[in-house]
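Chains, contacts and geometry: an overview
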Amino acid sequence: MTFVVTENCIKCKYTDCVEVCPVDCFHEGPNMLVIDPDECIDCTLCEPECPAEAIFSEEELPDGQQAFKALNAELAKQWPVITEKKDTRPTPRNGTAAPESSSSSSAEANRFVRARRGARSASRRRGLLRFLDGLDELVGVMNPPM
Ligand code: SF4
Ligand code: SF4
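Conventions adopted
- Residues numbered from 1 in each chain as written.
- Chains lettered and ligands numbered in written order.
- Predicted model: local features only at pLDDT ≥ 70, side-chain atom pairs only at ≥ 80, totals over all residues.
- Helix = DSSP H or I, 4+ residues; strand = E, 2+ residues; numbered from the N terminus.
- Buried ≥ 20, exposed ≤ 12 C-beta atoms within 10 Å, placed from the backbone.
- Contact = placed C-beta atoms within 7 Å.
- Near = placed C-beta within 6 Å.
- Nonpolar A, V, L, I, M, F, W, Y, C, P; charged D, E, K, R; others polar.
- Core = buried A, V, L, I, M, F, W, Y, C linked by C-beta atoms within 7 Å.
- pLDDT = per-residue confidence, 0-100.
- Arc of directions from axis to C-beta.

1. Notes on the overall build of the chain
- When helices and strands are counted, the chain shows four helices and four strands.
- N-terminal to C-terminal, the α/β element order of the chain is β-α-β-β-α-β-α-α.
- By residue count, 21% of the 146 residues in the chain fall in the buried class.
- In the chain, 72% of the contacts between residues at least 6 apart in sequence involve partners at least 24 apart.

Following this line, the structure appears as structure tokens:
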């Protein structure tokens, strides 16, 4: 038996799980972690550590997540081992994520900045409209209809 990392791990990477694994069977890819089924000793320690509830025993995989068993086995052969928890930083998607060096993470950061700028200029537009409405009212009070 092995434990399996599933969909909820994608782009999350709190990486709390890796520090408790006694046999270093977590591997890190660009968007998620996987467990090497040949190394996992079924100790169950990682499962309660995952805040995203992404880790399951292979016998208790939720519906629709079964494909992750083969995916973990395959990707664990290609991705490097990770043994230390990473620092996290805010992202627009879920509040936190680990730092990444890939261009996809900088693209995501750029999208975040653009979204923040868009929100700020929309807020400025709303403020200006409120100000103009107030001016209209003031002009109406000072120049009542004859
Ligand atoms: S704690 Fe859970 S969501 Fe985070 S990296 Fe580990 S398996 Fe993935
Ligand atoms: S069940 Fe134990 S051995 Fe397997 S991945 Fe989790 S912590 Fe590591």
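2. Some remarks on the site of ligand 1
- Within the structure, ligand 1 sits among 13 residues, and C9, Y14, C17, C50 and A52 are positioned closest to it.
- Of the residues assigned to the shell around ligand 1, the class counts are 10 nonpolar, one polar and two charged.

3. Things to note about the nonpolar core
- Membership of the largest hydrophobic core comes to 23 residues, with the highest contact counts inside it found for V5, C17, F26, L33, I35 and I55.
- Only β1 (3-5), α1 (16-20), β3 (33-35) and α3 (67-76) provide two or more residues apiece to this core.

4. Re the site of ligand 2
- Around ligand 2, the structure places 13 residues, and the nearest of them are F3, C21, C40, C43 and C46.
- In the shell around ligand 2, the residues fall into 11 nonpolar, one polar and one charged.

5. Considerations on the confidence of the model for the chain
- On average, residues of the chain score 78 in pLDDT, and 60% of them are at 70 or above.
- Scored below 50 in pLDDT, residues 89-110 shows 29 contacts in the model against residues more than four places distant or in partner chains.

6. Re α3
- Within α3, the full set of buried residues consists of F68, N72 and A76. Projected down its long axis, α3 carries its buried residues within an arc of 60 degrees, all on one side. The exposed set on the far side of α3, more than 90 degrees from its buried face, consists of A67, A70 and E74.

7. As for the environment of M32
- Turning to its location among the elements, M32 is positioned in the loop between β2 (26-28) and β3.
- Given 23 C-beta atoms within 10 Å, M32 falls into the buried group.
- Taking the C-alpha atoms as reference, M32 lies 8.6 Å from E7; in sequence the two are 25 residues apart.

8. Things to note about the environment of C25
- Along the polypeptide, C25 turns up in the loop between α1 and β2.
- Sequence separation between C25 and E39 is 14 residues; the distance between their C-alpha atoms is 5.6 Å.
- Setting aside chain neighbours within four positions, we find C25 in contact with I35, D36, E39 and C40.

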